[in-house]
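# Structural overview for review
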Amino acid sequence: MENKIIKINKKYSYRNLKNDLEYLKYEYLDNLVIGDIGESILGEKIKFLKIGKGDKKIFINASHHANEWMTSLIIMIFVEKYLNLIKNNQNYKGFNIEELFNKVSFYVVPMVNPDGVDFCVGERRISELEKYKELLEPYVNSLDSWKANIRGVDLNLNYPAGWEQAKINKAKIGVIKPNYRDYVGPNYLSEKETIAMYKFSMIHKFDLSISLHSQGQEIYWNYQNIEVPRAKEIGKKFAKASGYLLTEPVFNSSFAGYKDWFIKEFQKPAYTIEIGKGEEGKSLKLENAIKVYQEVEEIFFIAMEEI
Ligand SMILES: [Zn+2]
């Protein structure tokens, strides 16, 4: 690992992300576009970056769920690696980097849920969050379980794809109001973060999307019975490269996630990739970051090659 900018030395907060983007901009200005897709509930800019100049558009997003901040770190490690290969005009593991750069516009939203992540990693104290104190206070000693945004909506249950069904399913397990996880929101697209993702996606109409989550070493690729050309074939290549399990379709199992909505709206390949292996409902451990990165690295190159 020869990364100079993205360091694996602390839980990856929104502040870390912002700093890293500044350094990347300075180092790789010619090949990198940075902007924002909207704002979080607490007014933080939801950042995006773009690498490449091709007509094919790939979209990677990470940290819909607060305690899955490792997904942001992993994609940022990849971003630096890719930029470095481009700058040095090097090929890598059989991938022709210049060809990928010219063929694909690679878009990344590395942290969909900056407020949630910062609460989860201890970057924002409860004293700054008076308005949400009642909701958040019970979790100050178990921050690592927090998945929702800052006002208790699970952002990956807030998209318009079977949202009513998700609402029913979650009510069955007793979640009907703001919570650390599993609350679908008062209606779909009720949150600033999901609205930003929706608008950004509608503008760009990506050819393929990958949503990074943790954990389980699994790849989800379908929504209901919608047939998406090449989706399974590409999923198999991801599975082979990572050693992750490409899950077989389970009808009526998943609703209102970004991947679900993307497939429904665009009929293009979309994946949820559950990175790493750790404790259910908790963050992955920082010391496993390099191992997890190595598991998934090739997936991003394969996506560019295959699309
Ligand atoms: Zn998740």
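### A closer look at the overall build of the protein chain
The helix and strand inventory of the protein chain stands at 10 helices and 8 strands. Compactness check: the protein chain gives a C-alpha radius of gyration of 18 Å against a globular reference of 19 Å for 307 residues, within 12% of the reference. Reported as C-alpha extents along the three principal axes, the dimensions of the protein chain are approximately 55 × 45 × 35 Å. Counting every position in the protein chain, which comprises 307 residues, the buried fraction comes to 48%. Taking the contacts inside the protein chain whose residues are at least 6 apart along the sequence as the reference set, 79% of them involve residues at least 24 apart.

### Some points on the packing of helix H8 (residues 231-242) against helix H10 (residues 289-306)
Two measures define how a pair of helices packs: the angle their axes make with one another and the distance between the axes. Two elements in contact, H8 and H10, have axes separated by 8 Å at closest approach and are oriented at 150°. As summarised for this structure, H8 and H10 are arranged roughly antiparallel, according to the angle between their axes. Here the hand of the crossing between H8 and H10 comes out right-handed. Touching Ile 234, Lys 237, Phe 238, Ala 241 and Ser 242 of H8 are Glu 295, Val 296, Glu 298, Ile 299, Ile 302 and Glu 306, all from H10. Tallied by class, the residues present in the contact of H8 with H10 amount to 6 nonpolar, 1 polar and 4 charged.

### Re the packing of helix H2 (residues 70-87) against H10
Direction vectors running N to C along H2 and H10 enclose 60°, while the axes themselves pass 10 Å from each other. Considering their axes alone, H2 and H10 lie oblique with respect to each other. Classified by chirality, the crossing of H10 by H2 is right-handed. In this structure, H2 contributes Met 70, Leu 73, Ile 74, Ile 77 and Phe 78 to the contact, and H10 contributes Ala 289, Val 292, Tyr 293, Val 296, Glu 297 and Phe 300. The class makeup of the residues in the contact of H2 with H10 is 10 nonpolar, no polar and 1 charged.

### As for the sheet that holds strand E2 (residues 45-51)
One open sheet accounts for 8 strands, arranged E1-E2-E4-E3-E5-E8-E6-E7; its pairing is mixed. The open sheet has two edge strands, strand E1 (32-39) and strand E7 (245-246), and neither has a second partner. Lying on the sheet, H10 is in contact with strand E3 (56-62), strand E4 (104-109), strand E5 (208-214) and strand E8 (270-275); it crosses E8 at an angle near 165°.

### A short note on the environment of Val 140
Mapped onto the elements of the fold, Val 140 is located in the loop between helix H5 (133-136) and helix H6 (163-172). Sequence spacing of Val 140 and Gly 122 is 18 residues, and the spatial spacing of their C-alpha atoms is 8.8 Å.

### A few points about the nonpolar core
With 91 residues, the main nonpolar core has Ile 58, Ile 60, Ile 74, Ile 75, Val 79, Val 108 and Ala 256 as its most contacted residues. Counting residues per element, this core draws most heavily on H2, which supplies 10 residues. Not counting chain neighbours up to four residues away, the residues in contact with Ile 58 comprise Val 104, Phe 106, Tyr 107, Phe 206, Asp 207, Leu 208, Ala 303, Met 304 and Ile 307.

What counts, and where the lines are drawn
Residues numbered from 1 in each chain as written. Predicted model: local features only at pLDDT ≥ 70, side-chain atom pairs only at ≥ 80, totals over all residues. Helix = DSSP H or I, 4+ residues; strand = E, 2+ residues; numbered from the N terminus. Rg over C-alpha atoms; globule rule 2.2 N^0.38 Å. Buried ≥ 20, exposed ≤ 12 C-beta atoms within 10 Å, placed from the backbone. Contact = placed C-beta atoms within 7 Å. Axes fitted to C-alpha atoms, helices over the stretch in contact; angles between N-to-C directions. Parallel < 35°, antiparallel > 145°, perpendicular 65-115°, else oblique. Left-handed = near helix turned anticlockwise from the far one by under 90°. Nonpolar A, V, L, I, M, F, W, Y, C, P; charged D, E, K, R; others polar. Pairing = 2+ DSSP bridges. Core = buried A, V, L, I, M, F, W, Y, C linked by C-beta atoms within 7 Å.

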